[in-house]
Amino acid sequence: MDQDQLKRLVAEAARDEVLRLPDGQLLGIGTGSTANWFIDLLAPHKNHFSGVVSSSMASTNLLLKYGFTVIDANKVISLPVYVDGADEIDPNGHMIKGGGGALTREKIIASLAKQFVCICDSSKQVLELGAFPLPIEVVPLAEASVARMMEKFGGTAKLRLKNNKLPKQEKLSEPFVTDNSGWILDVSGLHIHDPVKLENEINQIPGIITVGIFAQRKADVLLVGGSSGVTRLTF
Ligand code: 5RP
């Protein structure tokens, strides 16, 4: 099975898992290609839920296209479950997220959820976080100062650029802009031995909107797709 088929497989398992919730509940839904599979597969069952809370404009657009009732996170006190992908997940359920640029809203919605169900293919499982460049969303004014701070942590920060169809010259000069009007620094070279500590430390840097380490609010459940099917792990 290729990576996309594995993503579909875990999305099916996540659909089956959330359909075991009683009718009429709210559900948190993440962002990315695995989350998109989950949305596609959940669409025929949308009336099982009173509404969904989405972690990005991209997911919201897809959910609205399918006719889900999308609720503003401000109107929600708590969610039973949040389902989302990850760029890396370690044996403790700590994750790197933000490859799709939605880390801030993902962290907010995850914080509302009683249970975080991470869905991914087995290529995302790592012993230690950090091979995937760590996304950090910043206020544009702080791009250079945060990048310098990252050097002190042993990392090299690269401003994420738009992946659009502009001519090469223009494309090179255009930063990727998040749903919150932030920019993203992708930081490579970090050795994340203690994800909770590093998340805390990076959170103290002025100009940071969100760091893509999800360790303080980690995954509770992992549905991971590999050659022998879907495995369910709890942390
Ligand atoms: C988006 C994310 C995604 O969950 C992460 O990038 C995984 O994406 P995919 O399911 O496409 O592999 O954090 O900000």
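Look a little higher up for the structure.
Residues numbered from 1 in each chain as written. Predicted model: local features only at pLDDT ≥ 70, side-chain atom pairs only at ≥ 80, totals over all residues. Heavy atoms only, no water.

1. Things to note about the sheet that holds strand S5 (residues 95-96)
So, point 1. Here we have 3 strands laid out as an open sheet, ordered S4-S5-S11, and antiparallel in their pairing. The sheet is open, and its two edges are formed by strand S4 (88-89) and strand S11 (213-214), each paired on a single side.
So, point 2. Bridge count between S5 and S11: 2 bridges; the pairing is antiparallel. Along S11, the bridge assignment pairs isoleucine 96 with isoleucine 213. (Pairing = 2+ DSSP bridges. Helix = DSSP H or I, 4+ residues; strand = E, 2+ residues; numbered from the N terminus.)

2. Topic: the pattern of salt bridges
So, point 1. Enumeration over the complete set of coordinates arrives at 10 salt bridges.
So, point 2. In this structure, aspartate 220 and arginine 217 form a salt bridge, with 3.0 Å as the shortest nitrogen-oxygen distance.
So, point 3. Overall, the relative accessible area of 22% leaves aspartate 220 in the partly exposed class.
So, point 4. When salt bridges with common partners are traced through the structure, they connect Asp84, Lys97 and Glu106 into a single cluster. (Salt bridge = Lys/Arg side-chain N within 4 Å of Asp/Glu carboxyl O. Buried < 20%, exposed > 50% of the residue type's maximum accessible area, 1.4 Å probe, protein only.)

3. Things to note about helix H1 (residues 3-18)
So, point 1. With 16 residues, H1 ought to run about 22 Å at 1.5 Å a step, and its terminal C-alpha atoms sit 23 Å apart, in line with that.
So, point 2. Within the span of H1, buried status applies to Leu6, Lys7, Val10, Ala11, Ala13, Ala14, Arg15, Glu17 and Val18.
So, point 3. Two to three positions downstream of the cap, the backbone nitrogen of aspartate 4 sits 3.1 Å from a side-chain oxygen, assigning the N-cap of H1 to aspartate 2. (Expected span 1.5 Å × (residues − 1). Polar contact = N/O pair within 3.5 Å; in protein donor to acceptor, adjacent residues only side chain to side chain.)

4. Looking at the site of the ligand
So, point 1. Among the 17 residues in the neighbourhood of the ligand, the closest are listed as Ser33, Thr34, Asp87, Gly98 and Lys124.
So, point 2. Taking aspartate 87, its side chain carries an N or O atom lying 2.6 Å from an oxygen atom of the ligand.
So, point 3. The class makeup of the residues in the shell around the ligand is 2 nonpolar, 9 polar and 6 charged. (Near = heavy atom within 4 Å. Nonpolar A, V, L, I, M, F, W, Y, C, P; charged D, E, K, R; others polar.)

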